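# Per-entry structural report
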Amino acid sequence: MAEVIGVRFKDVGKIYYFDPQGEKVAKGSYVIVETARGTECGFVAMPNREVDDELIVKPLKTVLRKASEKDLQMMQENKAKEKDALKLCEKKVVEHGLDMKLVDVEYTFDGSKILFYFTADGRVDFRELVKDLASVFRTRIELRQIGVRDESKMLGGLGVCGRALCCASFLGEFQPVSIKMAKEQGLSLNPTKISGTCGRLMCCLKYEQDAYEYLLKITPPKGALVKTKEGKGTVVDVDLLRGNLKVSLLGKEESAPISCSKREVRVLSGPKKHKEESNEETPEE
């Protein structure tokens with residue numbers, strides 16, 4: 001176990017662990033830390049806490065000091081300079097005729113580097129642009145290509161639900177989302193209905209996936225042979241969330257399926273086995 005604090009460098013960014021060196025740091029306060037890209041100022045998202053060594057990426061960097069009023073003022077000045085840098089870089093991109101879209105600009109805390117984030121359909125040769133920007137700002141320049149999900153996280157906006165984008169409001173890290181989740185949740189596979197503002201699968205598909213996986217385990221699937229109060233039948237429709245089934249009774253296939261709860265039936269065989277048994281009973285012509 002090791003004592004750490006969790007620090008964020010963006011409002012809805014990833015939390016990084018740092019060694020407080022025995023000093024108690026309050027949540028919401030600002031600290032100066034050493035990172036891979038130099039000295040940075042971040043806010044404490046998680047106060048002092050003991051965590052397992054397995055959760056720590058070693059070597060664990062330390063907190064240099066608590067942020068002073070001068071440090072916070074420098075942060076505000078950097079924010080103001082970022083807006084001017086973005087406008088200037090957009091102008092330079094047009095001058096160089098580059099097929100890229102600038103998304104955001106970020107100054108490191110000590111001003112030793114400026115990072116420009118952009119999106120593009122393919123690779124972009126921005127070497128001349130970097131030289132041009134370096135001659136203007138007189139500091140290190142880094143252009144970093146990001147994906148459309150990161151772009152949405154940085155810019156923010158509203159989702160189809162009418163709420164602020166999850167990635168821009170509370171999701172610290174993106175979680176993998178697959179088309180399999182949409183299938184298991186019984187959603188339309190129309191890309192326009194299951195895609196977010198970024199054009200990728202909606203992050204919220206992940207939220208209820210565990211519940212759907214559990215319900216799929218305890219609910220008879222479509223095509224299964226079950227025993228009901230009115231006799232044996234085949235499941236033709238499933239309402240996972242309510243736990244209701246529609247069953248077509250054997251020998252009464254032309255009649256309307258009966259509705260019943262999954263608690264009222266007993267599974268006799270799964271869809272595949274039931275199908276094989278039905279094929280065996282079919283007489284050859």
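Just above, that's the structure.
The rules behind each value
Counting restarts for each chain: residues are numbered from 1 in the order of the written sequence. For a predicted model such as this one, the threshold for reporting local features is a pLDDT of at least 70, and the threshold for listing and counting side-chain atom pairs is 80 or more; totals across whole chains, interfaces and linings nevertheless cover every residue. With hydrogens and water stripped out, all remaining heavy atoms of the structure feed into the side-chain values. Only DSSP runs of H or I with at least four residues qualify as helices, and only runs of E with at least two residues qualify as strands; both kinds are numbered from the N terminus onward. Only protein chains enter the area calculation, which uses a 1.4 Å probe; residues under 20% of their type maximum are buried, those over 50% are exposed, and those in between are partly exposed. Should any heavy atoms of two residues lie within 4.5 Å, those residues are counted as being in contact. Think of a 1 Å grid over the protein atoms and nothing else: a 1.4 Å probe that fits but is trapped marks a cavity, an open set flanked by protein within 12 Å on at least five of seven lines marks a pocket, and residues with an atom within 4 Å of a point count as lining. Grid points are joined across faces, edges and corners, and a volume is the space filled by probe spheres set on the points. As a working rule, the residues Ala, Val, Leu, Ile, Met, Phe, Trp, Tyr, Cys and Pro are called nonpolar, Asp, Glu, Lys and Arg charged, and the rest polar, with Gly in that last group. The aromatic pairing rule takes the rings of Phe, Tyr and Trp, using the six-membered ring of Trp, and pairs them if the centres are within 6.5 Å, calling planes under 30 degrees apart stacked, those over 60 edge-to-face and the rest tilted. Strands are labelled as partners when DSSP assigns at least two bridges between them. Axis definition: a line fitted to C-alpha atoms, over the contacting stretch in the case of helices. Angles run 0 to 180 degrees between N-to-C directions. Any angle between 65 and 115 degrees counts as roughly perpendicular, while under 35 counts as roughly parallel, over 145 as roughly antiparallel, and the rest as oblique. Crossings are assigned a handedness: left-handed for a near helix turned anticlockwise from the far helix by less than a right angle, right-handed for a clockwise turn.

### Focus on unusual backbone geometry
We note that Gln21 has phi near 55°; this positive angle belongs to a residue other than glycine. As for its placement among the helices and strands, Gln21 is situated in the loop between β2 (16–18) and β3 (30–35). For Arg138, which is not a glycine, the phi torsion comes out positive at approximately 55°. With respect to the helices and strands, Arg138 occurs in the loop between α2 (127–137) and β8 (140–145). According to the relative accessible area criterion, Arg138 is exposed, its value standing at 72%.

### Description of the environment of Val51
Within the element layout of this structure, Val51 appears in strand β4 (residues 38–51). Note on Val51: relative accessible area 6%, which makes it buried. C-alpha separation for the pair Val51 and Tyr17, spaced 34 residues apart in sequence, amounts to 9.7 Å. The residues contacting Val51, other than those within four sequence positions of it, are Met1, Ala2, Val4, Tyr17 and Ile56.

### Section: the layout of surface pockets
Considered as a void within the structure, the second largest pocket measures approximately 350 Å³ in volume. Lining the second largest pocket are 20 residues; nearest its centre among them are Gly159, Leu165, Cys166, Cys203 and Cys204. Those elements that provide at least two residues to the lining of the second largest pocket are α3 (148–155) and α4 (166–169). Each residue belonging to the lining of the second largest pocket can be placed in one class, and the counts come to 13 nonpolar, five polar and two charged.

### A few points about empty space enclosed by the protein
For the coordinates displayed, the defined rule picks out one cavity of 30 Å³ or more. A volume near 30 Å³ is recorded for the largest cavity. A per-class count over the lining of the largest cavity returns four nonpolar, one polar and one charged.

### Quick word on the packing of aromatic side chains
Here the structure, examined in full by the defined rule, presents six aromatic pairs. Between the aromatic rings of Phe170 and Tyr207, the centroid separation amounts to 6.4 Å while the plane-to-plane angle is 40°, which identifies the pairing as tilted. Placement of Phe170 in the loop between α4 and α5 (179–184) and of Tyr207 in the loop between α6 (191–194) and α7 (209–218) is noted, with a sequence separation of 37 residues between them. Given the relative accessible area of 47%, Phe170 is considered partly exposed.

### Some points on the sheet that holds strand β12 (residues 258–261)
One open sheet holds the five strands; their spatial order is β12-β11-β10-β9-β13, and the pairing between them is antiparallel. Single-partner strands in this sheet number two, and they are β12 and β13 (266–269). Adjacent strand axes in the sheet meet at a mean angle of 45°, parallel and antiparallel pairs treated alike. Inspection of the sheet shows strand β9 (residues 225–228) paired to strand β10 (residues 231–239) by four bridges, in the antiparallel sense. For Thr228, the partnering residue across the bridge sits in β10 and is Gly231.

### Observations concerning the packing of helix α1 (residues 69–96) against α2
The packing of two helices is summarised by the inter-axis angle and the distance between the axes. Relative to each other, α1 and α2 sit at 140°, their axes nearing to 10 Å. In terms of orientation, α1 and α2 fall into the oblique class. Where α1 crosses over α2, the two elements pack in a sense that is right-handed. Across from Ala85, Leu88, Cys89, Lys92, Val93 and His96 in α1, the residues of α2 making contact are Glu128, Leu129, Asp132, Leu133, Val136 and Phe137. Looking at the contact of α1 with α2, its residues break down into eight nonpolar, one polar and three charged.

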